[in-house]
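Architecture at a glance
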Amino acid sequence: MESLSRLQARRIALAAQGFCDRPHATPSMRTFDRTLDRTGVLQVDSVNVLQRAHYMPLYSRMGPYDVDLLRRAAERRPRRVVEYWAHVQALMPVDLWPLMRHRMATYRSERGKWGFTADADLEPRVLDAVRDRGPVTARDLEEEFSTGPRTKEHWGWNWSESRKVLDYLYLVGDVAIAGRTSQFEVVYDVPERVLPAAVLDAPTPTPQDAVTELVRRAARSHGVASGACLADYYRLRLQPAPGQPSAKVAIDELVESGELTPVAVQGWRRRAYLHRDARIPRRVGARALLSPFDPVVWERARAEALFEFFYRIEIYVPQEKRLHGYYVLPFLLGDRLVGRVDLKADRSTRTLLVPGAFAEAHAPPETADELATELRRLAGWLGLDDVVVGHSGDLSDAVRVALGR
């Protein structure tokens with residue numbers, strides 16, 4: 001069996017994610033398409049302490065870009081991306097829609113996910129309202145379809161009846177997400193007004209064929225990965241119940257066809273799989289801050305195996321128990337994660353706040369200067385005028401000095 005060093009595996013993974021692509025002077029829709037082809041999906045999250053999660057992986061790879069590129073791709077015809085439960089809630093290329101139909105069928109048979117129950121009697125009425133009046137938000141339909149006061153069960157998610165039904169209809173594919181409002185509310189419409197006709201008319205693959213294609217795409221985006229990581233990319237089951245589509249079956253098929261090669265990676269306990277198109281660059285010249293929801297680090301065990309970087313998001317950790325801060329981004333320099341930085345965009349004062357900056361033990365001497373340069377660039381992209389560094393962390397003083405220079 002072929003063996004890879006951890007360094008080789010890191011470089012393969014970063015190249016597969018687009019960190020070796022030649023930058024365009026001004027990122028265009030062509031740049032966007034290339035970057036989306038690398039990442040496969042853009043995870044969506046409501047936290048807006050710095051920038052919405054789905055905008056950040058594009059910035060990390062493309063540099064400062066006009067965020068209207070993503071809005072156009074997601075909300076204008078011909079749509080390039082659409083939201084669905086692809087990794088988790090994520091923007092995915094529209095051509096993945098047919099591959100998600102087996103998931104939609106499962107949600108239909110299981111009546112949704114998370115244990116929320118939509119009122120089945122309301123479904124046809126809500127669907128008719130979307131068809132007649134769409135695009136609409138749940139708030140637009142709330143008064144008409146309310147059956148009583150909201151409750152505060154299920155972790156405090158007090159969804160209206162219209163929101164519950166719309167979420168179910170979205171999961172099963174009867175409605176699609178047409179966009180979001182400036183307040184990040186989901187805007188729903190019927191699929192034929194959201195997705196290109198060619199996508200809707202595309203044949204539905206068998207569940208196993210769909211899973212195999214999703215694993216193939218995960219392998220391209222990872223470059224090299226364990227079976228568990230390949231399954232996690234699109235939230236597939238590695239070893240499901242008998243009769244269900246399996247990521248393990250998909251991996252075996254791709255190994256047999258020669259698309260994947262089993263390899264051993266230094267320090268990994270699990271067998272890994274190398275995609276046949278994976279590059280092993282001699283060097284990676286990256287300098288980027290990575291969102292907590294970036295594909296490079298969203299699987300924390302993989303980030304630790306590749307980069308020897310232990311990382312946990314601490315949003316839900318009480319302040320006094322946080323090790324690094326509320327919204328902490330890993331700092332990629334070259335082919336290593338050399339530090340992490342707690343960030344907040346204070347839009348009222350047009351300031352990028354840096355409560356803390358922390359270096360890894362292997363961080364090179366130029367880390368503070370490189371991080372300062374990246375913080376200035378990030379602030380400019382966010383429309384902020386200044387960067388203010390706090391005192392938490394062993395890198396903060398050096399970054400403050402570098403910014404002063």
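Everything discussed here concerns the structure shown above.
Calculation notes
- Residues numbered from 1 in each chain as written.
- Predicted model: local features only at pLDDT ≥ 70, side-chain atom pairs only at ≥ 80, totals over all residues.
- Heavy atoms only, no water.
- Helix = DSSP H or I, 4+ residues; strand = E, 2+ residues; numbered from the N terminus.
- Buried < 20%, exposed > 50% of the residue type's maximum accessible area, 1.4 Å probe, protein only.
- Pairing = 2+ DSSP bridges.
- Axes fitted to C-alpha atoms, helices over the stretch in contact; angles between N-to-C directions.
- Left-handed = near helix turned anticlockwise from the far one by under 90°.
- Contact = heavy atoms within 4.5 Å.
- Nonpolar A, V, L, I, M, F, W, Y, C, P; charged D, E, K, R; others polar.
- Arc of directions from axis to C-beta.

Examining unusual backbone geometry
- Following Arg77, the chain continues into Pro78 via a peptide bond in cis, with omega recorded as -10°.
- Residue position: Pro78 is located in the loop between helix H4 (68-75) and strand S3 (81-85).
- In the Ramachandran plot, Glu308 falls in the positive-phi region, its phi being about 55° despite a non-glycine side chain.
- Inspection of the secondary structure assignment puts Glu308 in the loop between helix H13 (300-307) and strand S11 (328-333).
- Residue Glu308 is classed as partly exposed on the basis of its relative accessible area, which comes to 46%.
- One non-glycine residue, Arg350, lies in positive phi territory at about 55°.
- If you trace the backbone, Arg350 turns up in the loop between strand S12 (336-346) and strand S13 (351-359).
- Residue Arg350 is classed as partly exposed on the basis of its relative accessible area, which comes to 41%.

Looking at the sheet that holds strand S10 (residues 287-289)
- Taken in spatial order, the five strands of this open sheet run S10-S11-S12-S13-S14, and their pairing is mixed. What marks the edges here is a single partner per strand, and that holds for S10 and strand S14 (386-392). Neighbour to neighbour, the strand axes of the sheet diverge by 30° on average, direction disregarded.
- Sheet topology places S13 next to S14; five bridges connect them, and they run parallel.

What about the sheet that holds strand S9 (residues 272-275)?
- In spatial order, the strands read S1-S8-S9-S7; together these four strands make up an open sheet with mixed pairing. Edge positions in the sheet fall to strand S1 (2-4) and strand S7 (224-226), since each has one partner strand and no second. When the angles between neighbouring strand axes are averaged without regard to direction, this sheet yields 45°.
- By the bridge criterion, four bridges tie strand S8 (residues 260-265) to S9 in an arrangement that is antiparallel. Across the sheet, residue Thr261 finds its bridge partner in S9, namely Leu274.

Some thoughts on the packing of helix H14 (residues 367-381) against helix H15 (residues 396-404)
- Running from amino to carboxyl end, H14 crosses H15 at an angle of 60°, the nearest separation of the two axes being 8 Å. Where H14 crosses over H15, the two elements pack in a sense that is right-handed. Contacts from Ala368, Asp369, Leu371, Ala372, Leu375 and Arg376 of H14 reach H15 at Ala398, Val399, Ala402 and Leu403.
- A class-by-class count of the residues in the contact of H14 with H15 yields eight nonpolar, no polar and two charged.

Side note on the side chain of Gln51
- Here Gln51 shows up in the loop between strand S2 (42-43) and helix H3 (56-62).
- Setting aside anything within four residues of it in sequence, one finds Gln51 in contact with Met56, Val67, Tyr327, Arg347, Trp381 and Leu382.

Quick look at H4
- Listing the buried residues of H4 in full gives Leu69, Leu70, Ala73 and Ala74. Buried residues along H4 cover an arc of 120° about the axis, so they all sit on one side.
- Each element contacted by the buried residues of H4 is listed here: helix H2 (29-39), S2, H3, S3, strand S4 (89-93) and strand S5 (176-180).

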